[in-house]
Amino acid sequence: MKHRVVATSALSMESGEPLACYGRWRDALQLDEALLLVDFSLGTPWLGQMQQISLTAIYVVCDNRVRVAVTDQLLVADTSLSPQAQYQDWVSAHQLVDADPQAPVRLATQTIDKPWGQEIWYTGVERRGVCNFVAGKAVTPIPWLQAVLPDAVAGEPGLPLVLLKILDPSPQPVLGDLYFELHEAKREAYVVTGINRQAWPDGIGYIRYGFDPLQIASCPSPEAFREEYLNAVTAYERQRRLLDTLTAEGKTPSSVQLATERQLREYMDSYTAMRPLQKGDVVQVPVLLPHALQHGVRVIEFQTPTYERKIVSFAQKVLTQDHWDSQEAVASMLLEPPGEPAPVHRPSPEGITIEQIVDFPDFEVERVTMVRGARWLAEASTTYRLLIVLEGELTLAGFAYAAEQAVLLPRQWQGELLASQAAPSLAFLLARPNC
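Moving on, we get to the overall build of the protein chain. For the protein chain, the count of helices and strands is seven helices and 32 strands. Projected onto the principal axes, the alpha-carbon positions of the protein chain cover approximately 80 × 55 × 35 Å. Counting the 435 residues in the protein chain, one finds 51% classified as buried. Long-range pairs, those at least 24 residues apart, make up 70% of the contacts in the protein chain between residues at least 6 apart in sequence. Summing over all exposed atoms, the protein chain offers an accessible surface of approximately 19800 Å²; the carbon and sulfur share of this is 51%. One way to put it: in the protein chain the 36 positive side-chain charges average out to a point 4 Å from where the 52 negative ones average out.

This is the structure in structure tokens:
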């Protein structure tokens, strides 16, 4: 056991799979107030190898309501406290998220530096970082709480949440342009939240999105286009690697070498298509379509929670792998995007607009807009939902959420969402897995 606790009639201790232990204990429970500790091991596949960490799940029942916490810390009991008071003492002492399975729980942010700018994660769980649930100053890693919450209210234990993040590229041209890449299984959806006026004075930014139809038509066949484009990418990659090698050796590339890099990059990029973007636009990125968000375009992104990509090209040194995937990617890539469906308007009360803006096989996203002071009673869902505020202020379960703050709504949760009187309107995104 990872704690110094003596079992009593109101305090039970077990080891094993926490949800199974909780279910047996709850079925047999005859007290109005009781506490259960379950020691268990949790695998960490996000670290790339199956390591195990030792955790303790804490369940307290009072007046037929359960609250849940989880910790890797040593627990020491105070025999003078009631089960509920002991639970609160541990939650406070170890700064644990006190989770009510029937209540929303806020998502903490984690900033990840990138060569082109930064990502702000809400639900990411991988080697580079593990996101947390948060309550005040208390934080708990998402997979820890998923492992102990009953009824899969925050998703099935061991299964990652739909990935929610913000992409925040530098406004500087080239430096702030993302990888031109494609995905074989991962689907992405962007909602544009800001266009940097320093980068795009007219408020219209861009995403590199597939290929120029005129360039495709100028070739005798799609295969010939792929060959031409791959040759352009290969020529640019050689020059890119030359400059990266010189820089690594502490040498300064010559003006001729820099001019050659620019000419080869511009020629390579001339094969691609640039899609204009304004604030509020939605971009759906299907599998196998090469794409690259451009500098100064800030977006909220939802994506399939898998980490896989093939890099077609990049105008900087790639730090996460020692190669590009150009040949394999060019062979399988879509040349032009498929048709993108228009938003579907859902029935909604007066003063509220609900649009389904993404409907992928693995997740969907709705955009909800509410006039000042409007109230919306959200119905229960068979899955968890992720909510992130776009603009305005949302009051939910007694807490206020401003722009770019996010919360998980547990499975089967229903309740009222209120648009603040202090802002002209409220807009938020609501995503759920399709499973």
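Back to the text.
Turning our eyes to something else, we now look at the pairing of strand 19 (residues 282-285). Two faces make up the sheet, and in a regular strand the side chains alternate between them. Of the two faces of strand 19, the one lined by V282 and Q284 and the one lined by V283 and V285 are each fully buried. Pairing of strand 16 (residues 188-195) with strand 19, which is carried by four bridges, proceeds in the antiparallel orientation. Note that in strand 19 the partner of V191 across the bridge is V282.

What follows is about unusual backbone geometry. Phi at A152 is positive, roughly 50°, even though this residue is not glycine. Judged by its relative accessible area of 16%, A152 is buried. Its identity as a non-glycine residue notwithstanding, A397 has a phi of 50°, on the positive side. By secondary structure assignment, the location of A397 is in the loop between strand 28 (394-396) and strand 29 (399-401).

So, about the side chain of T44. Residue position: T44 is located in the loop between strand 3 (33-43) and strand 4 (52-62). Contact partners of T44, with chain neighbours within four places excluded, come to Q49, M50, Q51 and I53.

A few words now on the sheet that holds strand 8 (residues 110-114). Across the sheet, six strands lie side by side as 8-9-14-21-16-19; this open sheet has antiparallel pairing. Strand pairing shows two members of the sheet lacking a second neighbour, strand 8 and strand 19, which therefore form its edges. Between one strand and the next, the sheet's axes are offset by a mean angle of 25°, whatever the strand orientation. Where strand 14 (residues 163-169) meets strand 21 (residues 297-303), five bridges bridge the pair, whose relative direction is antiparallel. When the bridges of strand 21 are listed, L167 appears paired with V299.

This model, assessed by the stated rule, comprises 14 aromatic pairs. With a centroid separation of 5.9 Å and 75° between ring planes, the pair formed by F180 and F211 is classed as edge-to-face. Placement of the pair is F180 in strand 15 (residues 180-182) and F211 in strand 17 (residues 205-211), with a sequence separation of 31 residues. A relative accessible area of 4% means that F180 is categorised as buried. With a centroid separation of 5.6 Å and 80° between ring planes, the pair formed by F211 and F225 is classed as edge-to-face. On the criterion of sequence distance, the pair formed by F211 in strand 17 and F225 in helix 5 (residues 222-248) is long-range, its members being 14 residues apart. Assessed through its relative accessible area of 2%, F211 is described here as buried. F225 sits in the buried class, given a relative accessible area of 0%. By way of ring pairs, the aromatic residues F180, F211, F225, Y229, Y267 and Y271 are connected into one cluster. In this structure, R275 is placed above the aromatic ring of Y209, and the distance from its NZ or CZ to the ring centre is 5.0 Å. Taking NZ or CZ as reference, R309 lies 4.3 Å from the ring centre of Y179, over its face.

Here we take up the pairing of strand 27 (residues 385-391). The buried fraction of strand 27 is high, at six of seven residues. Both strand 27 and strand 32 (residues 425-433) contribute to a ladder of five bridges, which runs antiparallel. Paired with V389 across the bridge in strand 32 is F428.

Their axes nearest at 9 Å, the elements helix 5 and helix 6 (residues 255-269) cross at an angle of 150°. The orientation of helix 5 relative to helix 6 falls into the category roughly antiparallel. Relative to helix 6, the crossing made by helix 5 is left-handed. For the pair helix 5 and helix 6, the contacting residues are Y229, A232, V233, A235, Y236, Q239, R240, L242, L243 and L246 in the first and Q257, L258, T260, E261, L264, R265, Y267 and M268 in the second.

The strand order across the open sheet built from four strands is 2-3-4-5, with neighbouring strands paired in mixed fashion. Edge positions in the sheet fall to strand 2 (11-15) and strand 5 (65-71), since each of these pairs with one other strand and no more. Here the strands of the sheet are splayed against their neighbours by 20° on average, with no regard to which way each runs. Here helix 1 (residues 18-28) sits on the sheet and contacts strand 2, strand 3, strand 4 and strand 5; the angle it forms with strand 3, its principal contact strand, is near 160°. Taken strand by strand, helix 2 (residues 83-93) contacts strand 3, strand 4 and strand 5, and its axis lies near 40° from that of strand 3.

Now for the environment of E328. Turning to its location among the elements, E328 is positioned in helix 7 (residues 326-332). Leaving out residues up to four positions away in the same chain, E328 has contacts with E184 and K310.

By size, the foremost hydrophobic cluster in this structure holds 58 residues, and its most contacted members are Y59, F133, V148, F302 and L429. Here L429 is in contact with V191, I300, F302, I357, V365, E366, R367, L386, L387, I388 and L390, once residues within four sequence places are set aside. A232, L293, V330 and M333 belong to the second largest nonpolar core, which has 43 residues in total.

About the cut-offs
Residues numbered from 1 in each chain as written. Predicted model: local features only at pLDDT ≥ 70, side-chain atom pairs only at ≥ 80, totals over all residues. Heavy atoms only, no water. Helix = DSSP H or I, 4+ residues; strand = E, 2+ residues; numbered from the N terminus. Buried < 20%, exposed > 50% of the residue type's maximum accessible area, 1.4 Å probe, protein only. Contact = heavy atoms within 4.5 Å. Areas by Shrake-Rupley, 256 points an atom, 1.4 Å probe, with all protein chains shown as cover. Lys, Arg positive; Asp, Glu negative; His and termini not counted. Charge placed at Lys NZ, Arg CZ, Asp CG, Glu CD. Pairing = 2+ DSSP bridges. Axes fitted to C-alpha atoms, helices over the stretch in contact; angles between N-to-C directions. Phe/Tyr/Trp six-rings, centres within 6.5 Å; stacked < 30°, edge-to-face > 60°. Lys NZ or Arg CZ within 6 Å of the ring centre and 35° of its normal. Parallel < 35°, antiparallel > 145°, perpendicular 65-115°, else oblique. Left-handed = near helix turned anticlockwise from the far one by under 90°. Core = buried A, V, L, I, M, F, W, Y, C linked by side-chain atoms within 4.5 Å.

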